[in-house]
Amino acid sequence: VQLQASGGGLVQAGGSLRLSCAASGQAFSMYNMGWFRQAPGKQRDFVAGITWSGGPTDYADSVKGRFTISRDNTKNAVYLQMDSLKPEDTAVYYCAAGAATYRVIPHSYDYRYWGQGTLVTVSS
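Residues numbered from 1 in each chain as written. Predicted model: local features only at pLDDT ≥ 70, side-chain atom pairs only at ≥ 80, totals over all residues. Heavy atoms only, no water.

## Thoughts on the pairing of strand 11 (residues 118-123)
Spelled out, the test is: Here's how the labels work: a residue is buried when its accessible area is under 20% of the maximum for its type, exposed when over 50%, partly exposed in between, all with a 1.4 Å probe on protein chains only. Every helix listed is a DSSP run of H or I at least four residues long, and every strand listed is a run of E at least two residues long, numbered separately from the N terminus. In short, DSSP must find at least two bridges between two strands for them to pair.
Side-chain alternation along strand 11 places T118, V120 and V122 on a buried face and L119, T121 and S123 on a face that remains uncovered. As judged from the four bridges shared by strand 2 (residues 9-12) and strand 11, these two strands associate in the parallel manner. Looking across to strand 11, one finds that G9 is bridged to V120. Note that strand 9 (residues 91-99) and strand 11 share three bridges and pair antiparallel. Across the sheet, the residue bridging to A91 is V120, located in strand 11.

## A look at the state of the cysteines
Counted only if it meets this: Throughout, disulfides are identified as pairs of cysteine sulfur atoms within 2.5 Å of each other.
For the structure on display, the rule yields one disulfide. Across a sulfur-sulfur distance of 2.1 Å, C21 and C95 are joined as a disulfide pair. Its S-S torsion of approximately 60° makes the covalent link between C21 and C95 right-handed. Residue C21 is found in strand 3 (residues 17-24), and its partner C95 is found in strand 9; the two are separated by 74 residues along the sequence.

## Overview of the packing of aromatic side chains
To keep it simple, the criterion reads: Pairing of aromatic rings covers Phe, Tyr and the six-membered ring of Trp, with a centre-to-centre limit of 6.5 Å; geometry is then stacked below 30 degrees between planes, edge-to-face above 60, and tilted otherwise.
Going through the model one piece at a time under the given rule, you end up with five aromatic pairs. Ring geometry for Y31 versus Y113: centroids 5.8 Å apart, planes at 90°, classification edge-to-face. Here Y113 lies in strand 10 (residues 111-114) and Y31 lies in strand 4 (residues 31-38), a separation of 82 residues in the sequence. Across the pair, Y113 and Y31 agree in class, each one buried. Their ring planes at 75° and their centres at 6.2 Å tell us that W52 and Y102 sit as a pair that is edge-to-face. In this pair, W52 is assigned in the loop between strand 5 (44-50) and strand 6 (57-59) and Y102 in the loop between strand 9 and strand 10, connecting sequence segments 50 residues apart.

## Let's talk about the pattern of salt bridges
Short version of the rule: Each salt bridge in this description consists of a side-chain nitrogen of Lys or Arg and a carboxyl oxygen of Asp or Glu lying within 4 Å of one another.
What the rule picks out here adds up to three salt bridges. Of the charged contacts in the structure, one is a salt bridge between R37 and D89, with a shortest N-O distance of 2.9 Å. Remark: D89 occurs in the loop between strand 8 (77-82) and strand 9 and R37 occurs in strand 4; sequence separation between them is 52 residues. With a relative accessible area of 13%, R37 lands in the buried category. Here the salt bridges share partners, and the residues they tie into one network are R37, R66 and D89.

Below, the structure written as structure tokens:
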């Protein structure tokens with residue numbers, strides 16, 4: 001499956017952005033989907049994930065209550081709504097696809113396919 005992330009940009013602290021990830025290729029609904037982010041000089045971290053059915057979701061503690069992941073299997077797309085953004089949310093955000101399971105696995109090694117990343121910059 002090929003993934004294309006979009007929607008990044010520059011936003012002031014407290015603002016919102018919505019990231020999108022469009023999938024093509026193999027059946028999108030066969031995959032769990034995740035969002036990860038990587039700030040300069042840091043490792044790539046889990047942000048949010050959603051199972052293949054759109055059921056269980058999971059979030060990093062740092063974004064709980066501010067970010068919402070969703071998917072539309074009819075459009076082969078997954079989204080990340082980011083509200084109340086903080087400067088520490090600044091990073092390149094990646095969408096990823098992994099094997100379908102009944103719970104979200106928040107580890108990058110469980111995701112096989114990756115998009116190219118979209119940069120989110122939050123100014124203070």
